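For reference, the chains in residue letters:
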Amino acid sequence: MIKLYDFPLSGHAHKARLMLSLLNIEYERIEVALAKGEQQSEHFLTLNPFHHVPVLDDNGLVIRDSNAIITYLAKKYGTEWYPNDAQSSARIQEWLAVSTKEVSEGPGAARLVNVFGAGLDHQAAIEKSHELLTIIEQHLSSREWIAIDRVSVADIALFTYIAHAPEGDVSLENYPNINAWLARIEALEGFVGMPKTAVGLAV
Ligand SMILES: N[C@@H](CCC(=O)N[C@@H](CS)C(=O)NCC(=O)O)C(=O)O
(Lines give C-alpha, C1' and ligand atoms only; values in the text may rest on other atoms or scores of the structure.)
Protein backbone atom coordinates (compact mmCIF):
# COMPACT_ATOMS: atom_id res chain seq x y z
CA MET A 1 0.00 0.00 0.00
CA ILE A 2 1.09 3.59 -0.64
CA LYS A 3 2.45 5.38 2.43
CA LEU A 4 2.41 9.15 2.93
CA TYR A 5 4.75 10.75 5.45
CA ASP A 6 2.62 13.64 6.52
CA PHE A 7 2.02 16.53 8.92
CA PRO A 8 -1.58 17.78 9.24
CA LEU A 9 -0.82 21.53 9.16
CA SER A 10 1.76 21.39 6.37
CA GLY A 11 0.28 22.91 3.23
CA HIS A 12 2.80 20.99 1.12
CA ALA A 13 1.67 17.72 2.70
CA HIS A 14 -1.97 18.71 2.24
CA LYS A 15 -1.39 18.99 -1.53
CA ALA A 16 -0.39 15.31 -1.53
CA ARG A 17 -3.37 14.27 0.64
CA LEU A 18 -5.72 16.22 -1.62
CA MET A 19 -4.37 14.60 -4.79
CA LEU A 20 -4.58 11.11 -3.25
CA SER A 21 -8.15 11.75 -2.21
CA LEU A 22 -9.24 13.23 -5.56
CA LEU A 23 -7.80 10.15 -7.27
CA ASN A 24 -9.58 7.96 -4.70
CA ILE A 25 -6.34 6.18 -3.76
CA GLU A 26 -6.14 4.38 -0.43
CA TYR A 27 -2.99 5.02 1.53
CA GLU A 28 -1.43 4.74 4.95
CA ARG A 29 -0.69 8.08 6.62
CA ILE A 30 2.44 8.24 8.75
CA GLU A 31 2.61 11.39 10.81
CA VAL A 32 6.04 13.00 11.21
CA ALA A 33 6.13 15.10 14.39
CA LEU A 34 7.87 18.17 13.01
CA ALA A 35 7.76 20.03 16.34
CA LYS A 36 9.71 17.15 17.95
CA GLY A 37 12.23 17.12 15.10
CA GLU A 38 11.26 13.67 13.79
CA GLN A 39 12.08 14.86 10.26
CA GLN A 40 15.75 14.84 11.36
CA SER A 41 15.70 11.18 12.43
CA GLU A 42 18.11 8.82 10.72
CA HIS A 43 15.22 6.89 9.17
CA PHE A 44 13.43 9.96 7.79
CA LEU A 45 16.66 11.41 6.38
CA THR A 46 17.13 8.26 4.31
CA LEU A 47 13.70 9.02 2.76
CA ASN A 48 14.33 12.74 2.34
CA PRO A 49 17.74 14.22 3.12
CA PHE A 50 16.10 17.67 2.86
CA HIS A 51 14.08 16.76 6.03
CA HIS A 52 10.72 17.87 4.61
CA VAL A 53 7.29 16.33 4.49
CA PRO A 54 5.57 15.18 2.37
CA VAL A 55 7.27 11.97 1.24
CA LEU A 56 5.39 9.28 -0.69
CA ASP A 57 6.39 5.63 -0.68
CA ASP A 58 4.63 3.74 -3.48
CA ASN A 59 5.58 0.16 -2.70
CA GLY A 60 9.27 0.99 -2.32
CA LEU A 61 9.43 3.87 -4.81
CA VAL A 62 10.16 6.85 -2.57
CA ILE A 63 9.26 10.33 -3.86
CA ARG A 64 9.88 13.58 -2.02
CA ASP A 65 8.52 17.07 -2.80
CA SER A 66 4.83 17.90 -3.07
CA ASN A 67 4.89 18.81 -6.77
CA ALA A 68 6.86 15.67 -7.65
CA ILE A 69 4.33 13.65 -5.68
CA ILE A 70 1.19 15.12 -7.25
CA THR A 71 2.59 14.90 -10.79
CA TYR A 72 3.72 11.31 -10.16
CA LEU A 73 0.26 10.38 -8.87
CA ALA A 74 -1.41 12.04 -11.86
CA LYS A 75 0.87 10.37 -14.40
CA LYS A 76 0.43 6.97 -12.79
CA TYR A 77 -3.18 7.02 -11.61
CA GLY A 78 -5.07 9.84 -13.38
CA THR A 79 -3.46 11.12 -16.58
CA GLU A 80 -6.28 13.60 -17.25
CA TRP A 81 -4.85 15.62 -14.35
CA TYR A 82 -1.57 16.08 -16.28
CA PRO A 83 -2.14 15.75 -20.05
CA ASN A 84 0.95 14.73 -21.96
CA ASP A 85 0.84 17.10 -24.93
CA ALA A 86 3.61 19.69 -25.09
CA GLN A 87 1.41 22.75 -24.62
CA SER A 88 -0.50 21.39 -21.60
CA SER A 89 2.74 20.23 -19.96
CA ALA A 90 4.32 23.65 -20.44
CA ARG A 91 1.27 25.49 -19.08
CA ILE A 92 1.20 23.21 -16.03
CA GLN A 93 4.94 23.61 -15.43
CA GLU A 94 4.58 27.40 -15.53
CA TRP A 95 2.22 27.25 -12.57
CA LEU A 96 4.09 24.54 -10.67
CA ALA A 97 7.03 26.94 -10.76
CA VAL A 98 4.84 29.73 -9.34
CA SER A 99 3.81 27.38 -6.52
CA THR A 100 7.44 26.88 -5.47
CA LYS A 101 8.47 30.54 -5.61
CA GLU A 102 5.77 33.21 -5.52
CA VAL A 103 3.29 31.15 -3.50
CA SER A 104 5.96 30.00 -1.02
CA GLU A 105 7.44 33.46 -0.61
CA GLY A 106 4.03 35.14 -0.40
CA PRO A 107 1.05 33.41 1.27
CA GLY A 108 3.17 30.44 2.37
CA ALA A 109 5.66 32.66 4.22
CA ALA A 110 2.97 34.93 5.69
CA ARG A 111 1.19 31.88 7.17
CA LEU A 112 4.48 30.48 8.50
CA VAL A 113 4.98 33.66 10.53
CA ASN A 114 1.51 33.55 12.12
CA VAL A 115 1.03 29.82 12.55
CA PHE A 116 4.56 28.58 13.27
CA GLY A 117 6.24 31.76 14.52
CA ALA A 118 8.78 31.81 11.67
CA GLY A 119 11.21 34.74 11.83
CA LEU A 120 10.43 36.04 8.34
CA ASP A 121 9.50 39.52 7.13
CA HIS A 122 5.73 39.32 7.51
CA GLN A 123 4.95 42.64 5.81
CA ALA A 124 7.09 41.75 2.77
CA ALA A 125 5.34 38.38 2.52
CA ILE A 126 1.91 40.08 2.66
CA GLU A 127 2.94 42.50 -0.10
CA LYS A 128 4.28 39.68 -2.29
CA SER A 129 1.04 37.79 -1.69
CA HIS A 130 -1.09 40.64 -3.02
CA GLU A 131 1.15 41.05 -6.07
CA LEU A 132 0.66 37.35 -6.80
CA LEU A 133 -3.07 37.35 -6.06
CA THR A 134 -3.59 40.34 -8.37
CA ILE A 135 -1.94 38.42 -11.23
CA ILE A 136 -3.97 35.28 -10.55
CA GLU A 137 -7.20 37.27 -10.19
CA GLN A 138 -6.66 38.77 -13.64
CA HIS A 139 -5.61 35.39 -15.07
CA LEU A 140 -8.85 33.80 -13.81
CA SER A 141 -11.07 36.53 -15.27
CA SER A 142 -11.42 34.60 -18.51
CA ARG A 143 -10.93 31.00 -17.43
CA GLU A 144 -12.11 28.46 -14.86
CA TRP A 145 -8.89 26.57 -14.19
CA ILE A 146 -5.37 27.79 -13.72
CA ALA A 147 -3.32 26.09 -16.45
CA ILE A 148 -5.46 24.25 -19.00
CA ASP A 149 -9.15 23.97 -19.88
CA ARG A 150 -9.85 21.44 -17.13
CA VAL A 151 -8.73 21.00 -13.56
CA SER A 152 -5.11 19.82 -13.38
CA VAL A 153 -2.24 19.30 -10.94
CA ALA A 154 -1.50 23.03 -11.31
CA ASP A 155 -4.75 23.88 -9.51
CA ILE A 156 -3.86 21.46 -6.72
CA ALA A 157 -0.30 22.87 -6.45
CA LEU A 158 -1.67 26.39 -5.91
CA PHE A 159 -4.80 25.65 -3.92
CA THR A 160 -3.68 25.07 -0.33
CA TYR A 161 -1.53 28.10 0.42
CA ILE A 162 -3.93 30.44 -1.41
CA ALA A 163 -6.99 29.03 0.38
CA HIS A 164 -5.19 29.42 3.72
CA ALA A 165 -3.73 32.86 2.97
CA PRO A 166 -5.99 34.56 5.56
CA GLU A 167 -4.11 32.61 8.28
CA GLY A 168 -1.14 34.78 7.34
CA ASP A 169 -3.23 38.00 7.41
CA VAL A 170 -3.54 37.98 3.63
CA SER A 171 -7.17 38.83 2.95
CA LEU A 172 -8.87 37.22 -0.04
CA GLU A 173 -11.83 39.62 0.13
CA ASN A 174 -10.98 41.60 -2.98
CA TYR A 175 -10.43 38.63 -5.26
CA PRO A 176 -13.81 37.34 -6.48
CA ASN A 177 -12.37 35.24 -9.33
CA ILE A 178 -9.95 33.55 -6.92
CA ASN A 179 -12.76 32.83 -4.46
CA ALA A 180 -14.86 31.29 -7.25
CA TRP A 181 -11.88 29.15 -8.33
CA LEU A 182 -11.27 27.97 -4.74
CA ALA A 183 -14.96 27.06 -4.50
CA ARG A 184 -14.74 25.07 -7.76
CA ILE A 185 -11.87 23.03 -6.30
CA GLU A 186 -13.70 22.54 -2.99
CA ALA A 187 -16.71 21.21 -4.95
CA LEU A 188 -14.68 18.44 -6.64
CA GLU A 189 -15.62 14.89 -5.71
CA GLY A 190 -13.10 13.63 -3.17
CA PHE A 191 -12.02 17.09 -2.01
CA VAL A 192 -10.49 17.16 1.48
CA GLY A 193 -9.45 20.38 3.18
CA MET A 194 -6.58 21.17 5.51
CA PRO A 195 -7.56 22.03 9.10
CA LYS A 196 -7.79 25.78 9.60
CA THR A 197 -5.30 27.05 12.16
CA ALA A 198 -5.77 29.73 14.75
CA VAL A 199 -2.79 32.08 14.97
CA GLY A 200 -0.03 30.67 17.14
CA LEU A 201 -1.78 27.31 17.65
CA ALA A 202 0.95 25.23 16.09
CA VAL A 203 3.94 27.03 17.60
N1 LIG B 1 9.72 21.63 -1.62
C2 LIG B 1 9.09 20.88 -0.57
C3 LIG B 1 8.92 21.75 0.65
C4 LIG B 1 8.26 20.98 1.79
C5 LIG B 1 8.34 21.72 3.11
O6 LIG B 1 8.82 22.87 3.18
N7 LIG B 1 7.89 21.04 4.17
C8 LIG B 1 7.91 21.61 5.50
C9 LIG B 1 6.51 21.60 6.08
S10 LIG B 1 5.42 22.65 5.15
C11 LIG B 1 8.77 20.74 6.41
O12 LIG B 1 8.71 19.54 6.35
N13 LIG B 1 9.60 21.36 7.27
C14 LIG B 1 10.41 20.67 8.21
C15 LIG B 1 11.85 21.12 8.20
O16 LIG B 1 12.18 22.03 7.41
O17 LIG B 1 12.65 20.58 8.97
C18 LIG B 1 7.74 20.34 -1.07
O19 LIG B 1 7.11 20.98 -1.93
O20 LIG B 1 7.33 19.27 -0.62
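Residues numbered from 1 in each chain as written. Predicted model: local features only at pLDDT ≥ 70, side-chain atom pairs only at ≥ 80, totals over all residues. Heavy atoms only, no water.

Trainee: Please explain the packing of helix α1 (residues 11-22) against helix α7 (residues 153-163) as it appears in this structure.
Mentor: As a packed pair, α1 and α7 sit with axes 9 Å apart at the nearest point and diverge in direction by 135°. Relative to α7, the element α1 lies oblique. Seen from above, α1 lies across α7 with right-handed handedness. Here Gly11, His12, His14, Lys15, Leu18, Met19 and Leu22 of α1 come into contact with α7, specifically with Val153, Ile156, Ala157, Phe159, Thr160 and Tyr161. (Axes fitted to C-alpha atoms, helices over the stretch in contact; angles between N-to-C directions. Helix = DSSP H or I, 4+ residues; strand = E, 2+ residues; numbered from the N terminus. Parallel < 35°, antiparallel > 145°, perpendicular 65-115°, else oblique. Left-handed = near helix turned anticlockwise from the far one by under 90°. Contact = heavy atoms within 4.5 Å.)

Trainee: Explanation requested: the pairing of strand β2 (residues 27-31) in the structure shown.
Mentor: The side chains of a regular strand alternate between both faces of the sheet. In terms of strand pairing, strand β1 (residues 2-6) meets β2 through five bridges, oriented parallel. Residue pairing across strands places Leu4 opposite Arg29, the latter belonging to β2. Handedness of the β-α-β unit built from β1, α1 and β2 comes out right-handed. (Pairing = 2+ DSSP bridges. Right-handed = clockwise from strand over helix to strand, strands pointing away.)

Trainee: Mind showing me how you'd approach the site of the ligand here?
Mentor: The ligand sits among Ser10, His12, Leu34, Gln39, His51, His52, Val53, Pro54, Asp65, Ser66 and Tyr161. Separating an oxygen atom of the ligand from a backbone N or O atom of Val53 is a distance of 2.9 Å. Isolated, the ligand exposes 520 Å² of accessible area, and the fraction of that covered by the protein chains is 73%. Residues of the shell around the ligand, tallied by class, amount to four nonpolar, six polar and one charged. (Near = heavy atom within 4 Å. Polar contact = N/O pair within 3.5 Å; in protein donor to acceptor, adjacent residues only side chain to side chain. Areas by Shrake-Rupley, 256 points an atom, 1.4 Å probe, with all protein chains shown as cover. Nonpolar A, V, L, I, M, F, W, Y, C, P; charged D, E, K, R; others polar.)

Trainee: What is the right way to look at the packing of aromatic side chains in this model?
Mentor: A ring pair, where both rings are aromatic, is described by two values, the distance of the centres and the angle of the planes. The tally for this structure, following the rule as stated, stands at two aromatic pairs. Relative to Phe191, the ring of Phe159 lies with its centre 5.4 Å away and its plane at 80°, an arrangement referred to as edge-to-face. One end of the pair, Phe159, is in helix α7; the other, Phe191, is in the segment after α8 (176-186), with 32 residues separating them in the sequence. Classification of Phe191 as partly exposed rests on a relative accessible area of 21%. Over the face of the ring belonging to Tyr82 we find Lys75, whose NZ or CZ atom lies 4.4 Å from the ring centre. Above the face of the Trp81 ring, Arg150 is positioned so that its terminal group lies 5.5 Å from the ring centre. (Phe/Tyr/Trp six-rings, centres within 6.5 Å; stacked < 30°, edge-to-face > 60°. Buried < 20%, exposed > 50% of the residue type's maximum accessible area, 1.4 Å probe, protein only. Lys NZ or Arg CZ within 6 Å of the ring centre and 35° of its normal.)

Trainee: I keep staring at the domain arrangement of the protein and nothing clicks. Help me out?
Mentor: Note: interface size is frequently given as the accessible area lost on complex formation between the parts. What the domain assignment lists for the protein is domain 1 (2-79) and domain 2 (83-186). Each of domain 1 and domain 2 has a C-alpha centre, and the two are 21 Å apart. Between domain 1 and domain 2, the residue contacts involve 16 residues of the former and 14 residues of the latter. For the pair domain 1 and domain 2, the two sides together bury roughly 1200 Å², of which 64% comes from carbon and sulfur. When the buried surface of domain 1 facing domain 2 is broken down by residue, Leu9, Lys15 and Asn67 rank first, second and third, together holding 33% of it. Counting the contacts that link domain 1 with domain 2 gives zero salt bridges. In this assembly, domain 1 and domain 2 are joined by seven residue pairs in polar contact (both at pLDDT 80 or more). Secondary-structure elements contributing two or more residues to the side of domain 1 that touches domain 2 are α1 and α3 (66-77). Of all the elements, α1 adds the most residues to the side of domain 1 that touches domain 2, at seven residues. Split by residue class, the side of domain 1 that touches domain 2 holds seven nonpolar, seven polar and two charged. (Domains from an automatic or database assignment. Buried area = accessible area lost by both parts, 1.4 Å probe. Salt bridge = Lys/Arg side-chain N within 4 Å of Asp/Glu carboxyl O.)

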